[in-house]
Amino acid sequence: MERYFVISLRSIILCIVFSLVGCSSVKNEDLEIKELITTVLARKISISDTVKVSMKADAEWVQNPLLKPCNLESFSRLRSIIKIEGKSLQSILSEEDLKKICVESEEDFIFSKKMVPQSVKLVEQNYLDSLFAAYTLSLKNQTVASQQFENLNANAYIRLSKPIFLQKGKFAFIYYSNHSSESSSSLLVYEKTGQKWELILSFPLLIS
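What you see is a predicted model; the values in this text were computed from it and never measured.

Calculation notes
Residues numbered from 1 in each chain as written. Predicted model: local features only at pLDDT ≥ 70, side-chain atom pairs only at ≥ 80, totals over all residues. Heavy atoms only, no water. Helix = DSSP H or I, 4+ residues; strand = E, 2+ residues; numbered from the N terminus. Buried < 20%, exposed > 50% of the residue type's maximum accessible area, 1.4 Å probe, protein only. Contact = heavy atoms within 4.5 Å. pLDDT = per-residue confidence, 0-100.

**Student:** What exactly am I supposed to notice about the side chain of Ser 105 here?
**Tutor:** Note on placement: Ser 105 falls in helix 4 (residues 95-105). For Ser 105, a relative accessible area of 1% translates into the label buried. Those residues in contact with Ser 105, other than ones at most four positions away along the chain, are Asp 58, Ala 59, Trp 61, Val 62, Lys 100, Ile 164 and Phe 173.

Spelled out as structure tokens, the structure:
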């Protein structure tokens with residue numbers, strides 16, 4: 001009986017330890033994402049009390065037939081062209097990194113409050129889409145009013161892809177798009193230096 005009790009006690013302790021390790025891992029991942037997003041949105045946060053961000057990560061950019069951002073051949077060519085402080089992106093990101101970016105960016109991913117700074121407001125994408133659709137329709141019909149223009153800009157929002165951490169957290173990739181009357185989007189690559197994320201690549205994909 002005593003031996004059974006000791007084995008059971010050990011099992012319970014091991015379960016607790018594994019649970020804590022699992023929770024710690026999740027917590028660390030959330031914290032890492034929060035630190036990255038805080039850096040990505042630093043300029044927006046500095047000029048606005050509230051920054052609206054879509055709760056659902058953007059996975060559609062990977063499928064854009066015009067941009068073809070995840071065609072490995074074109075992406076590889078891009079790596080050899082882009083220079084970062086005298087080094088090509090090719091010397092920083094490998095083919096495996098590119099595959100990881102493209103595969104994981106297509107996954108369903110929802111941002112939680114733990115992953116974003118306090119000044120970021122997570123908003124349902126359906127609501128944001130309805131605002132933009134109404135504005136686009138009014139432009140098409142040439143009935144856009146100044147109030148609609150102001151409403152769209154007042155409700156300007158950011159879409160981000162799932163943050164992809166590469167090479168054991170040394171680099172991070174994220175797709176960023178700003179949705180307002182003047183939309184823009186970019187591929188962003190950050191490098192971890194000390195405890196901070198530093199932008200090493202901002203490659204614009206679309207400006208309208």
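**Student:** It is not clear to me how the environment of Glu 198 should be interpreted in this structure. Could you clarify?
**Tutor:** For Glu 198, the location among the structural elements is in strand 9 (residues 196-207). Using a relative accessible area of 44% as the deciding quantity, one classes Glu 198 as partly exposed. For the pair Glu 198 and Val 40, spaced 158 residues apart in the sequence, the C-alpha separation amounts to 9.3 Å. When sequence neighbours within four positions are dropped, the list of residues in contact with Glu 198 reads Val 189, Tyr 190, Glu 191 and Thr 193.

**Student:** Would you explain the confidence of the model for the protein chain in this entry?
**Tutor:** Fine structural detail should not be taken from predicted coordinates in areas where pLDDT scores are low. Looking at the protein chain as a whole, the pLDDT averages 76, with 64% of positions reaching at least 70. Confidence, expressed as mean pLDDT per element, reaches its minimum in the protein chain at helix 6 (residues 146-154) with 56 and its maximum at strand 6 (residues 164-166) with 96. Segment residues 13-26: pLDDT under 50, and zero contacts once partners within four positions in sequence are set aside and those in other chains are kept.

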